[in-house]
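Commentary on secondary and tertiary structure
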Amino acid sequence: MSQDYFTRLSRSAKWYLPPAEAAEVLEDYREIVEGRSREELRRDLGTPRAAVKQLAQPKAYRRWLAVFLGLSACVLLPAAGVVRGELSWLFGLFLNDIMQTPRYAELMFPLGTVLALVWFRRNGRKEQTLPKWVAPLLILLLLGIAWVSFLAWTLFAERWDLLNALFPEERVWLHRLTLGLNALAAGTVGMIGLVKARLADRRWRAVYVLGLTGAVACLFMWKMYTGMFWEFRPGWQTSYVIRYTVIILVGLLGTGGALC
């Protein structure tokens, strides 16, 4: 029972307190918790969350909470924009309703990337070995980005024959559905990386950054597919290719830096 209490205490300490302070608090509480029942601990210390929360410095915790909410918005806004648009399209709502995606969602991409790198560099801890789930989740996100990039290539290269072969007219909805599912996965995995970067190793921020990249890439392509107002003049792709390439390159470089 005491072990279960200490596990929950550990999670609360890592959430409410900076890494160094959390380690000191847990070291002090380890002896107090040892050999005592959960009922005794709750009676003397209260719940794990309450025991730790009273030790937290309000100003420092509010600062972390503001960063957490900001980073959450950066990854969730683009992901939610695509998912909401997909649901709206499936339920036959108007195009104007579909396009009510926040205009600043893409602009928050560099903000989220830089903030995650800087904040957890100063306020995170790094273990000796890379957490075992970081690499598999990064591979999963890379596969999602590769699929979106393939769709981008077929559009920029005007490979309508390939698109029609992959998504026949009776199944054209699958094309956009893959973007919706991809954005949902990227946003969800990105949030996992954000939370774990606080509770565990700071290198989990790499999962957040790559999830953010995937969500923004999906949003970029979603806006193109739902817009369909381009004029197919020679070189029409140039500005789109540059913007999309910058998103992917910044995301990959940020992910690499986050693993350091």
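Everything numeric here is computed off the predicted structure, so don't read it as measured data.

Here's the deal with the side chain of Arg202
With respect to the helices and strands, Arg202 occurs in the loop between helix 10 (173-199) and helix 11 (205-227). Lacking a salt bridge, the buried Arg202 has Asp201 as its closest oppositely charged neighbour, with an N-O distance of 5.7 Å. Apart from the residues lying within four places of it in its own chain, the contact partners of Arg202 are Phe120, Arg121, Gly124, Arg125, Lys126, Ala197, Ala258 and Cys260.

Some thoughts on the packing of aromatic side chains
Under the counting rule described, the total for this entry stands at nine aromatic pairs. Arranged with centres 5.1 Å apart and planes meeting at 80 degrees, the rings of Trp15 and Phe68 form a pair that is edge-to-face. Taken together, the residues span a long stretch of sequence, with Trp15 in helix 1 (residues 2-16) and Phe68 in helix 5 (residues 58-90) at a distance of 53 residues. For Phe68, a relative accessible area of 14% corresponds to the buried category. Arranged with centres 5.6 Å apart and planes meeting at 45 degrees, the rings of Trp64 and Phe68 form a pair that is tilted. With a gap of four residues between them, Trp64 and Phe68 both fall in helix 5, about one helical turn apart. For the pair Trp64 and Phe68, one class covers both residues: buried.

Brief notes about the pattern of salt bridges
Once their charged atoms are close, side chains differing in charge can pair, the charge on each being opposite to the other. Following the criterion strictly, the structure yields three salt bridges and no others. Here Asp161 and Arg159 are joined by a salt bridge, their closest N and O atoms 3.1 Å apart. On the basis of relative accessible area, Asp161 is assigned to the partly exposed category, the value being 48%. One salt bridge in this structure joins Asp201 and Arg203, with 2.9 Å as the shortest N-O distance.

Topic: the nonpolar core
In terms of nonpolar packing, the biggest core is built from 73 residues, with Leu17, Trp64, Leu179, Val207, Tyr208, Met221 and Tyr244 touching the most fellow members. The element best represented in this core is helix 11, accounting for 16 residues. Among all residues touching Tyr244, those that are not within four sequence positions of it are Ile145, Val148, Ser149, Ala152, Phe156, Ala217, Phe220 and Met221.

Structural notes on helix 8 (residues 134-156)
Its 23 residues give helix 8 an end-to-end C-alpha distance of 32 Å, which sits within 8% of 33 Å, the value for a rise of 1.5 Å per residue. Burial in helix 8 covers these residues: Val134, Leu137, Leu138, Leu141, Gly144, Ile145, Val148, Leu151, Ala152, Thr154, Leu155 and Phe156. Looking one or two residues beyond helix 8, the residue adopting positive phi is Glu158, at roughly 55 degrees.

Cut-offs used in this document
Residues numbered from 1 in each chain as written. Predicted model: local features only at pLDDT ≥ 70, side-chain atom pairs only at ≥ 80, totals over all residues. Heavy atoms only, no water. Helix = DSSP H or I, 4+ residues; strand = E, 2+ residues; numbered from the N terminus. Buried < 20%, exposed > 50% of the residue type's maximum accessible area, 1.4 Å probe, protein only. Lys, Arg positive; Asp, Glu negative; His and termini not counted. Salt bridge = Lys/Arg side-chain N within 4 Å of Asp/Glu carboxyl O. Contact = heavy atoms within 4.5 Å. Phe/Tyr/Trp six-rings, centres within 6.5 Å; stacked < 30°, edge-to-face > 60°. Core = buried A, V, L, I, M, F, W, Y, C linked by side-chain atoms within 4.5 Å. Expected span 1.5 Å × (residues − 1).

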